[in-house]
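Structure assessment
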Amino acid sequence: MNAPSELGGFLRSRRARVTPQAAGLPDRGRRRVAGLRREEVAELAGVSLVYYTRLEQGRARNPSDAVLAALGRVLRLDPAEQAHLRDLARDDRSGRPPTADTRPPSGAVRENLRRLVAAVGAVPAYVLNPAMDVLAANDLARALVAAPDQDRPPFSLARQVFLDPGARRLYPHWDEVARQTVGFLRYAAGRRPEEPALLRLVGELSPLSEEFRALWAERDVAEKTYGTKSFRHPLVGGFDLAYETLGLPGDEGLSLVVFTAPDARADAALRLLGSWSTPGPADVPPHGRQAPGAFLPAADTGGRGAARR
């Protein structure tokens, strides 16, 4: 992920989305390409065409905050895209010293943090790294996403989405989940461009998944924050869960994701799933096998929640 070429590619992809009408420019007839021309972006941002061209070509380094703010305004970038633009423009390889935000994490999870995740037993909770590997999870979270036991290698949510056929059944809004997964990976790659787990993941998924390649090429970014996610679980049926993503300041690059039940249906589904996932003397039905009389009928979950991820 070469920083100058990533910056140029991101700028080109964003200006292709902005119509002249949206930018307040007069209609000058048919265009050969979608979106704004380079000279229009340069004029609206108050920079020279030569300088903006050099930015897109990866030949201009360290643009000022004022230039980045102007480009963000002209290209109508949302907060996550603005942050991504700054990350690409101020990459480690531009000569600035590395900061805590760009050092790759070790991937190890502190024992205290593992105990915290396990103690959150009433709702699913897990720890993610920038490549969306689940590094620690409680029993309910593993039952929710069909993750293996904690003593096995990290479970990859991104690999599950694009390589596991069961993901399209588990996530009824699979297209949204796939798009937001790639958006978060793009965002994380801009923040941590030399993160080994991210590089391996992109190198693995690109040749194996046509959907991943197409979404990665769009260069959309999304910060994983909070929202609602839909599930259609093979044991307990369809329901929505709200989630919050919490940064861990003492563990750079890692985040804690906690799900909660926003309604009675989701609460009942979690309680039932929890009764099967809690270790005990009784036999627990294997994940993926319907327990007689226990299946909660799937519900239409479309259109609910401010942000579904």
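Further up the page is the structure itself.
Conventions adopted
- Residues numbered from 1 in each chain as written.
- Predicted model: local features only at pLDDT ≥ 70, side-chain atom pairs only at ≥ 80, totals over all residues.
- Heavy atoms only, no water.
- Axes fitted to C-alpha atoms, helices over the stretch in contact; angles between N-to-C directions.
- Helix = DSSP H or I, 4+ residues; strand = E, 2+ residues; numbered from the N terminus.
- Parallel < 35°, antiparallel > 145°, perpendicular 65-115°, else oblique.
- Left-handed = near helix turned anticlockwise from the far one by under 90°.
- Contact = heavy atoms within 4.5 Å.
- Nonpolar A, V, L, I, M, F, W, Y, C, P; charged D, E, K, R; others polar.
- Pairing = 2+ DSSP bridges.
- Buried < 20%, exposed > 50% of the residue type's maximum accessible area, 1.4 Å probe, protein only.
- Arc of directions from axis to C-beta.
- Phe/Tyr/Trp six-rings, centres within 6.5 Å; stacked < 30°, edge-to-face > 60°.
- Salt bridge = Lys/Arg side-chain N within 4 Å of Asp/Glu carboxyl O.

**Focus on the packing of helix 2 (residues 38-45) against helix 4 (residues 65-74)**
For the pair helix 2 and helix 4, the least separation of the axes is 9 Å and the interaxial angle reads 120 degrees. On the basis of their axis angle, the class for helix 2 and helix 4 is oblique. Note on packing geometry: the crossing formed by helix 2 with helix 4 is right-handed. Listed contacts from helix 4 to Val41, Leu44 and Ala45 of helix 2 are Ala70, Leu71, Arg73 and Val74. Looking at the contact of helix 2 with helix 4, its residues break down into six nonpolar, no polar and one charged.

**What about the sheet that holds strand 3 (residues 155-156)?**
Taken in spatial order, the six strands line up as 3-2-1-6-5-4 in an open sheet, and their pairing is antiparallel. Looking along the sheet, the strands with just one partner apiece sit at the ends: strand 3 and strand 4 (226-233). Here strand 4 pairs with strand 5 (residues 237-247) via eight bridges, running antiparallel. Residue pairing across strands places arginine 232 opposite glycine 238, the latter belonging to strand 5.

**Concerning helix 3 (residues 49-56)**
Those residues of helix 3 not exposed but buried are Tyr52, Thr53, Leu55 and Glu56. One side of helix 3 carries all its buried residues, which in axial view fall inside an arc of 155 degrees. Glycine 58 sits one or two positions beyond helix 3 and adopts a positive phi of about 75 degrees.

**Considerations on the packing of aromatic side chains**
As enumerated under the stated definition, the model contains eight aromatic pairs in all. Ring centres 5.9 Å apart and planes at 75 degrees place the aromatic pair phenylalanine 162 and tryptophan 174 in the edge-to-face group. Residue phenylalanine 162 is found in helix 8 (residues 157-163), and its partner tryptophan 174 is found in helix 10 (residues 174-191); the two are separated by 12 residues along the sequence. For the pair shown, phenylalanine 162 and tryptophan 174 are each scored as buried. Each ring, one from tyrosine 171 and one from phenylalanine 231, has its centre 5.8 Å from the other, and the planes form 50 degrees; the classification is tilted. You can see tyrosine 171 sitting in the loop between helix 9 (167-170) and helix 10 and its partner phenylalanine 231 sitting in strand 4, a full 60 residues away along the chain. As far as burial versus exposure is concerned, tyrosine 171 and phenylalanine 231 are alike and both buried.

**Side note on the environment of leucine 68**
The residue leucine 68 is located in helix 4 in this model. Judged by relative accessible area, leucine 68 falls into the buried class, the value being 6%. Separated by 23 residues in sequence, leucine 68 and alanine 45 have C-alpha atoms that sit 9.0 Å apart. In this structure, leucine 68 is in contact with Pro63, Leu85, Arg86, Ala89 and Arg90, ignoring residues within four places of it in sequence.

**A look at the side chain of aspartate 240**
Along the polypeptide, aspartate 240 turns up in strand 5. The class of aspartate 240 is buried, set by a relative accessible area of 2%.

**What to know about the pairing of strand 1 (residues 125-128)**
Where burial is concerned, the two faces of strand 1 agree: the one with Ala125 and Val127 and the one with Tyr126 and Leu128 are both buried. Both strand 1 and strand 6 (residues 255-260) contribute to a ladder of four bridges, which runs antiparallel. Residue pairing in the sheet places alanine 125 in a bridge with valine 258 of strand 6. Sheet analysis places strand 1 next to strand 2 (residues 133-137), joined by three bridges and oriented antiparallel. Within strand 2, the residue paired with leucine 128 across the bridge is valine 134. Counted between consecutive antiparallel strands, the loop separating strand 1 from strand 2 contains four residues, among which methionine 132 sits at a positive phi close to 65 degrees.

**What to know about the pairing of strand 2**
Of all five residues in strand 2, five are buried, a share of seventy percent or more. Relative to strand 3, strand 2 runs antiparallel, the two being bridged by two bridges. Bridge assignment links aspartate 133 to a residue of strand 3, and that residue is serine 156.

**Considerations on the pattern of salt bridges**
Pairs may arise between side chains of opposite charge once their charged atoms sit close together. Tallying each qualifying case throughout the model produces 18 salt bridges. The salt bridge partner of arginine 219 is glutamate 6, with a shortest N-O separation of 3.1 Å. Of this pair, arginine 219 sits in the loop between helix 12 (210-218) and strand 4 while glutamate 6 sits in helix 1 (residues 3-15), and the two are 213 residues apart along the sequence. In terms of burial, arginine 219 and glutamate 6 fall into one category: buried. Two residues, glutamate 218 and arginine 179, come together in a salt bridge whose shortest N-O distance is 2.7 Å. With glutamate 218 in helix 12 and arginine 179 in helix 10, this residue pair connects regions lying 39 residues apart in the sequence. For arginine 179, a relative accessible area of 39% gives the class partly exposed.

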